Every structure is written in structure tokens, then in C-alpha cells.
Amino acid sequence: MSQIESKIRLTIKEAIETKVFPGAVFLVIHNNEVFYHEAFGNFTYDPNSSKVNIDTIYDLASVTKQIVNTALLRLVDQNMVNINDPVSKYFPNLIKSDVGNTKILQLLTHTSGIQVETSKLNKNQLNNLIKEFLLNIKINPEARVEYGNINTYLVGEIIIKVSDKSLGNHLKKHIFDQLLMKDTFFNPPLNLINEIPPTEILNDGTIIQGVVHDESSRMMGGEVGQAGLFSNAVDLAKFMIFWLGNDNPILSQKIINISIKNQTSNLNLASGLGWHLDNEVYLGKSAPKGTFFHPGFTGTLIGGNKKNNLGFVFLSNCTYPRRDGHKLKNLFFQELLTDLFNHF
């Protein structure tokens with residue numbers, strides 16, 4: 001066993017012991033091949049609960065966003081969508097609203113200024129977001145990167161409008177089937193629910209397992225742009241190899257390069273087209289410039305850097321049994337990824 005493999009194992013096992021998460025899967029890609037892939041721990045802190053294996057499917061939470069963003073970038077690549085189109089082009093009822101004037105580029109970079117916390121909306125408000133709720137929302141005039149579910153929700157709805165397909169069907173045909181991602185989907189079938197680690201025990205005792213953890217996504221049926229996909233490390237490795245590679249079936253190299261380039265260099269955070277960039281809060285201090293990544297609230301993280309052809313996939317359920325546990329994950333990510341980038 002190499003030194004870096006030993007260090008990875010030690011770091012993850014210590015995190016389980018200190019209850020950052022009950023179990024996890026970590027996969028590392030180097031030079032377009034899987035360099036490391038290992039599973040740790042259990043579905044819950046009960047030692048008699050199911051063991052995590054390298055194929056275990058997890059709730060991706062906001063990692064969903066970058067997969068949905070990729071589908072939109074494909075439409076841009078094919079000239080079916082223009083990145084400078086206003087939202088109102090696809091939703092004419094919003095034409096006189098602030099949201100309607102927002103450009104797709106602003107949605108992808110989280111610079112739209114739309115101040116809506118979808119998790120605090122009720123079911124009726126969520127179901128009528130585009131038709132009614134967004135009509136009177138005011139935009140924050142300050143240009144800044146402000147991460148929010150509403151941006152990628154709208155990206156998903158634009159994909160549905162353009163393709164005339166459900167979001168799940170569109171992703172399956174144009175992303176998952178193309179990359180041979182066989183275990184990635186919204187709304188897992190009943191026969192798989194017990195094979196997916198739970199993400200939280202709610203105050204009323206309800207265990208969230210096999211249904212999306214994100215409240216707004218769950219109330220909207222689990223198939224929306226901001227969260228809802230479930231997948232495993234094997235499938236996400238294929239997704240990352242596609243983003244790291246120079247020849248792929250989905251996007252041109254030109255748009256890949258644009259997507260992982262800083263589009264907000266004069267603002268508070270670095271953002272590509274959907275991707276987060278160069279953020280020490282997640283990556284630690286050793287990540288080379290140009291490292292792109294996307295986190296998920298439940299304890300998921302994907303990312304990579306084309307300069308050293310390194311990619312990574314981390315899956316866990318750090319929000320179990322209570323979501324307060326997610327606060328510990330960033331320090332863990334910093335330690336894990338600092339070791340990884342120092343090695344390569």
C-alpha cells in the first residue's frame with residue numbers, strides 16, 4: 001500500500017470515529033484511470049447496519065447541480081440555447097420581472113442576485129415558482145457570487161422547455177447513456193431504497209432514506225435542477241473523466257475550457273459555468289489553481305484539475321442522524337484533499 005493510500009484510509013477512518021459521517025466512498029482518478037477506490041464504515045453509526053461498499057448509491061444533494069448544468073451547456077454547445085439569453089425567453093410571463101431579465105450566464109455563475117431560499121417556501125409557492133412567485137421578486141443590485149438553489153432550478157426548467165422532455169429523461173438520454181452511467185437517477189425505485197444510506201432523522205422520527213434530502217426538491221417531486229440525483233462513485237468517476245479528458249461525446253473542448261475558467265474574477269468568489277473554483281474552504285491550501293469542484297450538503301464532493309489530470313469523488317451521509325453534522329465536513333475535506341494534492 002502506498003503512503004498516500006495509507007494516509008487516505010487513516011483520515012477517513014478518523015472522521016468516522018469522530019462522527020463526521022458513518023460511512024463513505026472515496027475514489028481518485030489520475031491520468032483518466034481510477035487510481036484509488038475504497039469504501040468505509042456503515043450506513044449508520046449502528047455497527048449492525050449495512051456496510052458501505054464501493055458501489056453504494058448515495059443522495060448527491062447539490063452535486064446534482066453540476067450534472068444538470070452540464071446538460072444545459074450541451075444545449076449551448078449545440079446552439080439550442082444562448083448563454084446570454086434572458087430567462088424570459090423561455091418563460092414569457094416573466095418578461096416584465098427582474099427574474100425575467102436575468103441571463104442564463106448569471107444562473108450558471110450564481111450571480112443572478114435572485115434572493116429566494118427555496119427551502120423556506122411552502123408546497124404551493126414551490127409549485128408556482130415560475131407562474132406566480134418569481135414575478136415580484138426583486139434582484140440584489142450588488143454583483144456578487146451568491147450560491148442558491150433557485151439558479152439551478154431555473155436551469156433545469158429551461159432544459160425541460162427546450163427539450164420538451166422531463167429532466168430525468170433528458171439527462172438519461174444525453175448524459176447518463178452517453179457516459180454509461182448506469183446507476184444515476186432521480187427518485188430511486190422501491191427495491192433500492194434500503195440499499196441507500198439514510199441522510200437524516202427528522203424531528204418527528206421520519207427517516208429520510210432513498211428519497212431526496214433537500215426539502216424543496218422533495219416537495220416538488222424529487223426531479224428538479226437543484227437536487228435529487230442519486231448515484232455511486234463508479235458513475236461519477238465516468239462523469240469526472242469526461243470533464244478531465246480531451247475527447248468526449250457530450251461537450252466541445254472549447255466549452256469545457258470556458259466552463260472551468262473563472263467567470264467572476266472581479267467578484268467575491270471564483271465561479272466557472274456551474275463549477276466552483278479554487279476555494280480553500282473545501283479544497284485546502286494545496287490545490288493547484290484551476291481546481292474545479294462541486295459540493296453537496298449531504299457530504300458529497302466531486303472535483304478535478306486538468307493540469308495534473310487529477311479528479312476525485314467523495315460520497316457520504318454526514319447529515320445523518322442530524323444535519324448539524326454537515327458543519328464538520330469542510331475541515332475533513334481540507335485535510336483529505338491537502339494530502340491528495342500534495343502527493344500529486
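Keep in mind the model is a prediction, meaning the values are calculated, not measured.

Chemist: Tell me about the pairing of strand β9 (residues 292-296), and please be specific about residues and values.
Modeler: The side chains of a regular strand alternate between the sheet's two faces. Of all 5 residues that make up β9, 5 are buried, and the element is covered over most of its length. Every second residue of β9 is oriented toward a common face, with Phe 292, His 294 and Gly 296 on one face and Phe 293 and Pro 295 on the other, all of them buried. Strand direction decides the pairing type here: strand β8 (residues 276-277) and β9, joined by 2 bridges, are antiparallel. Bridge assignment links His 276 to a residue of β9, and that residue is Phe 293.

Chemist: Account for the environment of Ser 316, with residues named and values stated.
Modeler: Summarising the element assignment, Ser 316 is placed in strand β11 (residues 310-316). Contacts of Ser 316, omitting those with residues within four sequence positions, involve Phe 21, Gly 23, Ala 24, Tyr 58, Thr 298, Gly 299 and Thr 300. Polar side-chain contacts of Ser 316 include one of 2.7 Å to the backbone oxygen of Gly 299.

Chemist: I'd like a rundown of the sheet that holds strand β7 (residues 229-231), residues and numbers included.
Modeler: The 3 strands lie next to each other as β3-β7-β4, forming an open sheet whose pairing is antiparallel. A single partner strand is all that each edge strand has here, and the edge strands are β3 (58-59) and β4 (185-186). Sheet topology note: the β4/β7 ladder contains 2 bridges and is antiparallel. Pairing of Phe 185 across the sheet is with Phe 230, part of β7.

Chemist: How would you explain the nonpolar core if you had to name every residue and give the values?
Modeler: Core analysis: the largest hydrophobic core is formed by 69 residues, its most contacted members being Leu 134, Phe 239 and Trp 243. Of all the secondary structure elements, the ones that give two or more residues to this core are β1 (23-30), α2 (63-77), α3 (104-109), α5 (149-163), α6 (167-179), α8 (233-244), α9 (253-259) and β11. The residues contacting Leu 134, other than those within four sequence positions of it, are Leu 94, Ser 97, Val 99, Val 116, Leu 129, Ile 150 and Leu 154. Ile 8, Ala 15, Ala 24 and Phe 314 belong to the second largest nonpolar core, which has 26 residues in total.

Chemist: If you had to explain helix α1 (residues 3-17) to someone new, which residues and values would you point to?
Modeler: Residues lying three or four places apart along an α-helix face the same way, a consequence of the helix completing one turn every 3.6 residues. In this model α1 runs 21 Å from its N-terminal to its C-terminal C-alpha over 15 residues, within 8% of the 21 Å that 1.5 Å per residue would give. Those residues of α1 not exposed but buried are Ile 4, Ile 8, Thr 11, Ile 12, Ala 15 and Ile 16. Down the axis of α1, the sector holding all buried residues measures 135°, keeping them to one side. Away from its buried face by more than 90 degrees, α1 exposes Gln 3 and Glu 17. A positive phi of about 60° marks Lys 19, the residue just after α1.

Here is what the cut-offs are and how they apply
Residues numbered from 1 in each chain as written. Predicted model: local features only at pLDDT ≥ 70, side-chain atom pairs only at ≥ 80, totals over all residues. Heavy atoms only, no water. Buried < 20%, exposed > 50% of the residue type's maximum accessible area, 1.4 Å probe, protein only. Helix = DSSP H or I, 4+ residues; strand = E, 2+ residues; numbered from the N terminus. Pairing = 2+ DSSP bridges. Contact = heavy atoms within 4.5 Å. Polar contact = N/O pair within 3.5 Å; in protein donor to acceptor, adjacent residues only side chain to side chain. Core = buried A, V, L, I, M, F, W, Y, C linked by side-chain atoms within 4.5 Å. Expected span 1.5 Å × (residues − 1). Arc of directions from axis to C-beta.

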